[in-house]
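Notes for the structure review
Here's the letter readout for the chains.
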Amino acid sequence: MYEYEVTLAPVYIESSSEELGNTRIRRFQKEVADVTEGFVVLSAPTGSGKTVTLLTDREHGVSVGLYPSNELLRSQVAGLHNFIVNHIGMRPEKTMLYDYCRTGVVPEDYIPLNIYVSDRKVDLFGRRVGKIYIVGMSGDVVKAVADRGKLDMLVKVSDMLASIDEDEYAVTLATPDTFFLLTLYAYRNIDLVGRLTHYILLLLRGRLLSGYEEFDKLMRMLGMSRAELEKIARAFLPYRRSSLFIDEYHLYGYYELSSFKALLYTLATVHGWSGRIILSSATPNTTFQEELADEAGMTPLHIDGLSHIKERGDVDELVRGPVRLIFTEVSEDGRSEIARLYGASRRAYELISTPRFREFIEKFREGRGRGAVILEKVSHAEIFAEALYRETGVKPVCMYSMPREDVCEETPAYEVGGSLLVVGTGAKIGQGVEFPRLSFGVVARVTAVDFLQSISRIGRRLEEESIVLVPMAERELKSLAENSVFAKKNVSYYELAEWAEKIGKPLMRKIPSGYETVYRGIISMRESMLKIVGLALHFRLSGAGYGDMASHIERVRISLQNLRIIASPDYMGTLLMFRSSGPSVSYCREIQGVVKCYDEGEDLGTLVRNYEIASCNGYPLIKSVGRGEIKIECKKIADLESFIRRGEERDRSKTLIIIDWHTLRDLFQCRIVVYKNSEEPEELKHLDRELEDQLFLIPNIMNEDLSEYIYRSGKGLRIKLGKGSITLLYL
């Protein structure tokens with residue numbers, strides 16, 4: 001078995017001369033605190049304390065942190081709790097949010113809130129405080145009070161924050177999805193606002209909607225309640241003067257970027273927001289920075305924490321100790337470069353039998369081993385967890401979709417003490433999520449940026465050397481010695497970050513998919529439409545803001561010339577969601593001959609990407625890892641093709657179509673089927689019902705490579721034709 005070793009130098013980062021509690025603050029944290037308003041782009045290594053900058057708004061005393069996933073949000077709740085208690089020295093008075101994020105247990109009086117107090121005021125970056133609030137605002141942490149009313153709970157918490165004193169500070173941790181719907185006045189009102197969206201587009205196309213009288217009449221006809229809008233306005237009130245911290249922004253694509261632009265617009269124009277915007281990442285995205293700064297009308301101020309890195313320092317400056325990367329050969333799986341990279345992740349389980357992994361398992365059993373396995377796909381993580389339990393008897397904490405109860409442990413993963421072995425996917429734990437004191441890891445990722453983010457989970461705050469095993473096929477493994485960075489054998493964090501951004505080999509610098517370009521045709525229209533919706537609802541509530549609509553109305557009208565919408569008004573709320581996403585579906589699973597069905601739902605794309613799929617009483621049935629094949633068959637396929645071709649009469653290269661599953665099923669008699677060991681298709685009738693409100697974009701690009709990529713990556717479905725296929729991209 002061929003190996004290639006590289007040592008990553010320890011990472012220390014410059015501190016300032018100022019102290020916060022019992023620790024010196026980082027230089028970049030001080031630089032952020034000195035900026036009271038404007039647009040800050042913060043670049044700093046993972047684990048260096050970027051999240052602490054949420055506590056630096058000395059002027060307003062309120063910060064909102066937006067995190068791309070619930071896993072990362074829960075991790076940051078735990079991280080801030082530990083920092084406030086252990087470093088600032090405040091005592092917890094209420095920790096319901098922290099306890100829920102750790103255990104998932106919901107007490108009867110649960111509120112998504114932590115409160116920390118101190119008998120003596122603490123100097124918090126220039127603001128003297130005796131109390132700190134941490135609020136959770138995401139579908140995950142708020143759904144625990146669904147029976148008491150999610151919006152009512154947000155209003156209750158916001159009322160507490162709306163009148164905070166000068167010696168208090170509030171941090172709200174949210175996913176952009178929830179915060180986005182609040183800014184649009186669409187939270188808990190998505191169906192009604194979706195119908196409003198439908199009629200706005202319909203009437204704008206016919207030039208029947210131009211004055212405030214028509215907008216007001218339309219909203220009254222739809223039953224837009226001022227009382228409900230007032231509740232949302234109350235829930236948002238504490239954040240009108242605040243810092244907005246957008247973490248790991250490099251993870252967002254074009255679609256989410258347009259959502260953020262609409263969010264910043266409605267914040268300022270509709271809600272009168274003012275304050276700071278902080279973009280935070282260890283791997284910056286230049287396009288994202290420039291477009292958001294332009295939308296906000298601000299000039300970005302770059303604070304480069306990466307330039308503050310050094311290889312020696314004291315304990316306050318330590319980010320991560322030295323890490324020994326051991327690239328280890330696994331069986332080659334795949335012909336192309338990208339296929340071999342995915343194959344190396346799938347075959348990571350071969351490392352379980354290596355001496356180094358066995359040595360870690362012994363430490364784990366003795367109560368002193370803490371490690372993480374971070375792989376590319378759900379199926380890869382499942383194969384690893386199954387092999388681990390079979391070969392060692394160890395059940396890991398599984399942090400990936402649909403973990404199996406027979407091979408996974410349920411122990412909370414954020415505990416600081418004792419042994420820990422987490423097996424997960426990069427999507428769940430490879431970006432920003434922190435597990436304290438991990439000294440061992442197995443990391444297999446496809447892109448260089450993801451690899452850098454994932455290996456940075458290991459060795460945090462540890463002065464001793466940590467070990468990361470990296471499975472790799474022979475061809476990529478032997479190219480390491482020829483790589484200008486890895487040939488040195490000793491690599492600094494700065495060199496590794498530069499390699500990830502500019503070179504990437506032997507991994508991929510980026511996946512050359514290009515699929516997001518198909519969204520471009522609707523992004524401009526959707527962005528202006530979102531702004532119109534926010535302004536219209538604000539007008540309904542307050543009678544103000546109509547004058548700002550005119551320019552957006554004209555942009556939407558122009559965009560509608562190249563967009564055809566055939567969808568029920570009841571399903572147009574999908575366009576108001578922060579991200580484009582596929583349906584969450586019920587499914588059945590067969591394990592060791594026993595079939596069990598689940599109603600809580602799972603992303604359909606995850607099923608397709610990771611498992612072979614059959615049918616069980618109309619439900620998708622997953623039996624083993626692989627790649628599923630769900631097909632759409634339409635009896636009136638000729639009519640559907642004719643409908644799509646109508647756009648060619650003008651300019652097919654520009655025309656896009658938005659359609660819902662309800663229309664495909666009823667108008668063109670389409671159905672969802674699987675073929676499994678049979679020439680006769682099995683219809684997924686239950687899946688048909690769950691797809692009913694799904695919106696699709698039929699893009700103006702119809703090549704097979706793109707269609708295959710969209711389907712295999714779980715971004716959409718396709719309708720097979722005699723020659724070629726029709727691509728259905730999820731909205």
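Right, let's walk through the structure included here. (Residues numbered from 1 in each chain as written. Predicted model: local features only at pLDDT ≥ 70, side-chain atom pairs only at ≥ 80, totals over all residues. Heavy atoms only, no water.)

Turning our eyes to something else, we now look at the overall build of the protein chain. For the protein chain, the helix and strand inventory stands at 25 helices and 34 strands. Relative to the 2.2 N^0.38 estimate, which gives 27 Å for 731 residues, the radius of gyration of the protein chain is 26 Å and therefore close to what a compact globule would have. Overall, the protein chain is about 70 × 70 × 50 Å in size when its C-alpha atoms are taken along their principal axes. Expressed as a percentage of the 731 residues in the protein chain, the buried residues total 60%. Counted over contacts in the protein chain with a minimum sequence separation of 6, partners at least 24 positions apart contribute 75%. Taken as a whole, the protein chain presents about 28,200 Å² of accessible surface, with 45% of it coming from carbon and sulfur. Of the side-chain charges in the protein chain, 95 are positive and 103 negative, and the distance between the mean point of each set is 2 Å. (Helix = DSSP H or I, 4+ residues; strand = E, 2+ residues; numbered from the N terminus. Rg over C-alpha atoms; globule rule 2.2 N^0.38 Å. Buried < 20%, exposed > 50% of the residue type's maximum accessible area, 1.4 Å probe, protein only. Contact = heavy atoms within 4.5 Å. Areas by Shrake-Rupley, 256 points an atom, 1.4 Å probe, with all protein chains shown as cover. Lys, Arg positive; Asp, Glu negative; His and termini not counted. Charge placed at Lys NZ, Arg CZ, Asp CG, Glu CD.)

A word on the sheet that holds strand β21 (residues 466-472). Reading across the sheet, the eight strands line up as β18-β19-β17-β20-β21-β16-β1-β22 and stay open at both edges, with mixed pairing between neighbours. Of all strands in the sheet, those with a lone pairing partner are β18 (397-399) and β22 (490-491), marking the two edges. Sheet contacts for helix α14 (residues 378-392): β17 (370-375), β18 and β19 (420-425); angle to β19, the most-contacted strand, approximately 150 degrees. (Pairing = 2+ DSSP bridges. Axes fitted to C-alpha atoms, helices over the stretch in contact; angles between N-to-C directions.)

The subject of this paragraph is helix α22 (residues 637-645). For α22, the complete set of buried residues consists of L640, F643 and I644. Considered in projection along α22, the buried side chains sweep an arc of 95 degrees and stay on one side of the axis. (Arc of directions from axis to C-beta.)

Before going further, it helps to examine the packing of helix α19 (residues 520-542) against helix α20 (residues 549-560). Axis angle and axis distance: for two packed helices, these are the angle between their axes and the distance between the axes, and together they describe the pair. Axis separation between α19 and α20 bottoms out at 9 Å; the angle between their running directions is 145 degrees. Here the hand of the crossing between α19 and α20 comes out left-handed. Counted together, S524, M525, S528, M529, K531, I532, L535 and A536 of α19 and M549, H552, I553, R555, V556 and S559 of α20 form the full contact between these two elements. The residue makeup of the contact of α19 with α20, split by class, is eight nonpolar, four polar and two charged. (Left-handed = near helix turned anticlockwise from the far one by under 90°. Nonpolar A, V, L, I, M, F, W, Y, C, P; charged D, E, K, R; others polar.)

Enumeration over the complete set of coordinates arrives at 24 aromatic pairs. Ring centres 6.2 Å apart and planes at 25 degrees place the aromatic pair Y252 and F288 in the stacked group. Here Y252 is found in the loop between β11 (241-247) and α10 (254-269), whereas its partner F288 is found in helix α11 (residues 286-296), with 36 residues between them in sequence. A relative accessible area of 6% means that Y252 is categorised as buried. An aromatic cluster is present here, built from F180, Y249, Y252, F260, F288 and F578 joined pairwise through their rings. Above the ring of Y2, the side-chain terminus of K478 is found at 5.7 Å from the ring centroid. In this structure, R564 is placed above the aromatic ring of F643, and the distance from its NZ or CZ to the ring centre is 4.4 Å. (Phe/Tyr/Trp six-rings, centres within 6.5 Å; stacked < 30°, edge-to-face > 60°. Lys NZ or Arg CZ within 6 Å of the ring centre and 35° of its normal.)

To continue, consider the nonpolar core. Counting residues in hydrophobic clusters, the biggest one holds 185 residues, and the most contacted among them are F179, L244 and F327. The element best represented in this core is α19, accounting for 12 residues. Once residues within four sequence positions are removed from consideration, L244 is found in contact with V64, L66, F179, L263, L264, L267, W273, R276, I277 and I278. (Core = buried A, V, L, I, M, F, W, Y, C linked by side-chain atoms within 4.5 Å.)

In this section: the side chain of R718. The residue R718 is located in strand β33 (residues 716-720) in this model. Excluding residues that lie within four positions of it along the chain, R718 makes contacts with E629, I632, S707, E708, Y711, R712, S725, I726 and L728.

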